[in-house]
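Per-entry structural report
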Amino acid sequence: LSDTGATWLDGAAVAVQGKRLEILDAGFAYQYAICLHWAVSQISLGATDTMPLNTAERAVFMFTTMIGFLFGSLLVSLMSAGIIAYRISKKDKLLKMRTLRRYLAENHANRHIATAVLQQIERRLSVREKLHERDVPALNVLSRALRSQLRFDLSKDCFNAHPIFRLWISVDVSCMQRICDEATSLRYFQVLDELFCAATEATAAYFVSNGKLSYTQELITDASGQTSKFAVGTGDWVSEAALWVEWTHVGRLESAMESKVVVIDAGKALKNLFHPGLKAIAAEYALQFHRRIVSARPPLARYPSDLVV
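These lines cover the structure that appears in this document, whether it is placed above or below. Note that the structure is predicted; figures quoted are calculated from it, not measured.

Picture the strands of a sheet paired through backbone hydrogen bonds; they go either parallel or antiparallel. One open sheet holds the 4 strands; their spatial order is E4-E9-E6-E7, and the pairing between them is antiparallel. The sheet is open, and its two borders are formed by strand E4 (194-196) and strand E7 (228-233), each paired with just one other strand. Going across the sheet, the axis of each strand differs from the next one's by a mean of 25°, ignoring polarity.

In structure tokens:
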């Protein structure tokens, strides 16, 4: 029923050679196209005052309307998924912060320390963590040989930055790949993360692949009795002595910004050195390195540190 006496069928009529052609007088294809066009427009909110006047126009109009409907649905679903993911991440962060505040309150933490703890944890929870190899399940299906090549490729800047490792690569690259596979790991550090502290046994050497660290020499002071601080940047080695001698850290190393560091396990590195020629080179290098350490003392030279020998 129509309160105006007109229906949508009236708008579907077209003028042909000066005469009005009603929908019921048109062919079956045109009648079907009109009905489908009307249905699609209602579903996708694509109704328009500009009406197509033939079957081809209606087909094109329906096709574009369906494309708009699919695009709108995709956009809405993506936005919904994004909002849900954002709310879940926020909920996880809020839950962790609420638990932390409760812990600090129940244990009557000092107000200034509690504030510092809350600020640092909130800042770190806002940083997107870098992916480690263990976080990529697809790598588990790689062959051992190809995975070893991948690890070596990701760490080769570290080895190319040291003359003894460059020599080893030129002599036996497979040996260096094995050392990289067994003794090397990539680690990411946030601001104020501590890599090692003074008076602890050195178990690894560190190569700064990207970022900036801060080294504070504590056990050996200058003539004024003050500790010395040094900036450690991309391409620098720290605690190389751990690879060649029994070494104790004489300072503290911490990250000054988000940094990527290659860590070489001192105990595993030389155990995977099977090439007899490379073993002889390593033994001679370690002997000369040790001689340099024991001879480095004022006034002829500065005491050795985790940075320089």
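So, next bit.
Below, the discussion takes up the state of the cysteines. Scanning the model with the defined rule gives 0 disulfides in all. There is no disulfide at Cys158, and the cysteine sulfur nearest it, in Cys180, is 8.1 Å away. Using a relative accessible area of 1% as the deciding quantity, one classes Cys158 as buried.

Another aspect to go through is the layout of surface pockets. Empty space within the largest pocket amounts to approximately 420 Å³. Counting only elements with at least two residues in the lining of the largest pocket, the list comes to helix H5 (144-160), helix H7 (173-183) and strand E3 (184-189). Per-element tally for the lining of the largest pocket: the top contributor is E3, with 5 residues. Considering only residue class, the lining of the largest pocket consists of 8 nonpolar, 4 polar and 6 charged.

Cut-offs and rules
- Residues numbered from 1 in each chain as written.
- Predicted model: local features only at pLDDT ≥ 70, side-chain atom pairs only at ≥ 80, totals over all residues.
- Heavy atoms only, no water.
- Pairing = 2+ DSSP bridges.
- Helix = DSSP H or I, 4+ residues; strand = E, 2+ residues; numbered from the N terminus.
- Axes fitted to C-alpha atoms, helices over the stretch in contact; angles between N-to-C directions.
- Disulfide = S-S within 2.5 Å.
- Buried < 20%, exposed > 50% of the residue type's maximum accessible area, 1.4 Å probe, protein only.
- 1 Å grid on protein atoms, 1.4 Å probe; cavity = no way out; pocket = protein on both sides within 12 Å on 5 of 7 lines; lining within 4 Å.
- Points joined across faces, edges and corners; volume = space filled by probe spheres on them.
- Nonpolar A, V, L, I, M, F, W, Y, C, P; charged D, E, K, R; others polar.

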